[in-house]
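Now for the letters of each chain:
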Amino acid sequence: MTELIDLHGTAMSEFDRRVREVTLTDWALPTPCADWDVHDLVNHLTIEQLWVPSLLDGARVEDLDDRFDGDVLGEEPVTTWEVAAREARTAWLSSSAREGTVHLSFGDAPAELYLWQMTFDLTVHAWDLARALETEESLDAELVDQVLSWAEEQGFGEQKGTEGLFEPPVEIDAHSSPQDRLIALTGRTP
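Further remarks concern the overall build of the protein chain. Regarding its fold elements, the protein chain presents 6 helices and 2 strands. Across the protein chain, helices and strands are ordered from the amino to the carboxyl terminus as α-α-α-β-β-α-α-α. Dimensions of the protein chain, computed from C-alpha atoms along their principal axes, come out at roughly 45 × 40 × 30 Å. Within the protein chain, buried positions represent 47% of all 190 residues. The contacts of the protein chain with a sequence gap of at least 6 include a subset with a gap of at least 24, amounting to 68%. On the protein chain, roughly 9700 Å² of surface is accessible, and the fraction owed to carbon and sulfur atoms is 47%. Of the charged side chains in the protein chain, 12 are positive and 40 negative, and the gap between their average positions amounts to 4 Å.

The pairing of strand 1 (residues 101-104) with strand 2 (residues 107-110) spans 4 bridges and is classified as antiparallel. Considered in strand 2, the bridge of His-103 is made with Asp-108. Between the antiparallel neighbours strand 1 and strand 2 lie 2 residues.

Within the element layout of this structure, Ser-13 appears in helix 1 (residues 4-19). Residues Ser-13 and Phe-156, 143 residues apart in the sequence, show an inter-C-alpha distance of 24 Å.

With 23 residues, helix 4 (residues 111-133) should cover 33 Å at 1.5 Å per step; its first-to-last C-alpha distance of 32 Å lies within 8% of that length. Taking burial as the measure, the 23 residues of helix 4 include 19 buried ones, the bulk of the element. Following helix 4 by one or two positions, Glu-134 has its phi on the positive side, about 55°.

All right, on to unusual backbone geometry then. With a phi close to 55°, Glu-134 is a non-glycine residue in the positive phi region. Among the structural elements, Glu-134 can be located in the loop between helix 4 and helix 5 (141-153). Among the residues examined, Glu-134 registers a relative accessible area of 74% and is labelled exposed.

Opposite charge on two side chains makes pairing possible when the charged atoms of those side chains draw close. Using the criterion set out here, one finds 8 salt bridges in the structure. Linking Glu-87 and Arg-86 is a salt bridge whose minimum nitrogen-to-oxygen distance equals 3.7 Å. A residue is classified by how much of its surface remains accessible, and Glu-87, at 41% relative accessible area, is partly exposed. In this structure, the salt-bridge partner of Glu-137 is Arg-131, at a minimum N-O distance of 2.6 Å. With a relative accessible area of 29%, Arg-131 lands in the partly exposed category. A network of salt bridges, in which partner residues are shared, links Glu-14, Arg-17 and Arg-18.

Conventions adopted
- Residues numbered from 1 in each chain as written.
- Predicted model: local features only at pLDDT ≥ 70, side-chain atom pairs only at ≥ 80, totals over all residues.
- Heavy atoms only, no water.
- Helix = DSSP H or I, 4+ residues; strand = E, 2+ residues; numbered from the N terminus.
- Buried < 20%, exposed > 50% of the residue type's maximum accessible area, 1.4 Å probe, protein only.
- Contact = heavy atoms within 4.5 Å.
- Areas by Shrake-Rupley, 256 points an atom, 1.4 Å probe, with all protein chains shown as cover.
- Lys, Arg positive; Asp, Glu negative; His and termini not counted.
- Charge placed at Lys NZ, Arg CZ, Asp CG, Glu CD.
- Pairing = 2+ DSSP bridges.
- Expected span 1.5 Å × (residues − 1).
- Salt bridge = Lys/Arg side-chain N within 4 Å of Asp/Glu carboxyl O.

This is the structure we're talking about:
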C-alpha cells in the first residue's frame, strides 16, 4: 500500500497535469461543480495550497485573516498554481509536518486527516477539471482505490459529516469502477 504522502504527490500531479492543459479560452468553461467555472476551480485549489505552509507551521485559520480570499490567480494563473502547489508540497514533505495538529476551520485535527482531505480534494477536482476540459478523465488507479476507501470509511456515502460539502451521492451501477464510485459519492455523474 502506497504511503499517504506519496498518494498526495500523485493527486497533486493529476491536478497539475490538467491545469497545464488549460488554454486561454478554457477559463470560463463550466465544471461539474455547479457554481464554478474552470477559473473558480483552479482558484479554489490554489487557495487550498496557499494555506498549507502556514497551517502546518501552527497558524490558525483566524490568524490568516482574509489573505487568501477572492481571486488569487492574477494574470498568470498557471504559474500561480505551480508556485502554490510547489510550496504546499514542500511543506508536506517536511519530516515533522504530518505528525502534528493543524488548526482548521472546523477545529483542531491531526495533520494526517488534513493530508487525506487535501489528497481527496485534489483527486476529485482533477476529475472535475478533466471533465470541464473534455480531456482524459482516468485517474491513477491506486490513488482512486485508496481515496475511495478513505472516503467510505469517513462515511461519505451516508453524507455523515459531509453535509454542505457535496451534493447527495449519485446512484450508479453496483459494478461500476472504483473511479466512478468515488465520483458518484460526491454527487457527480461519472
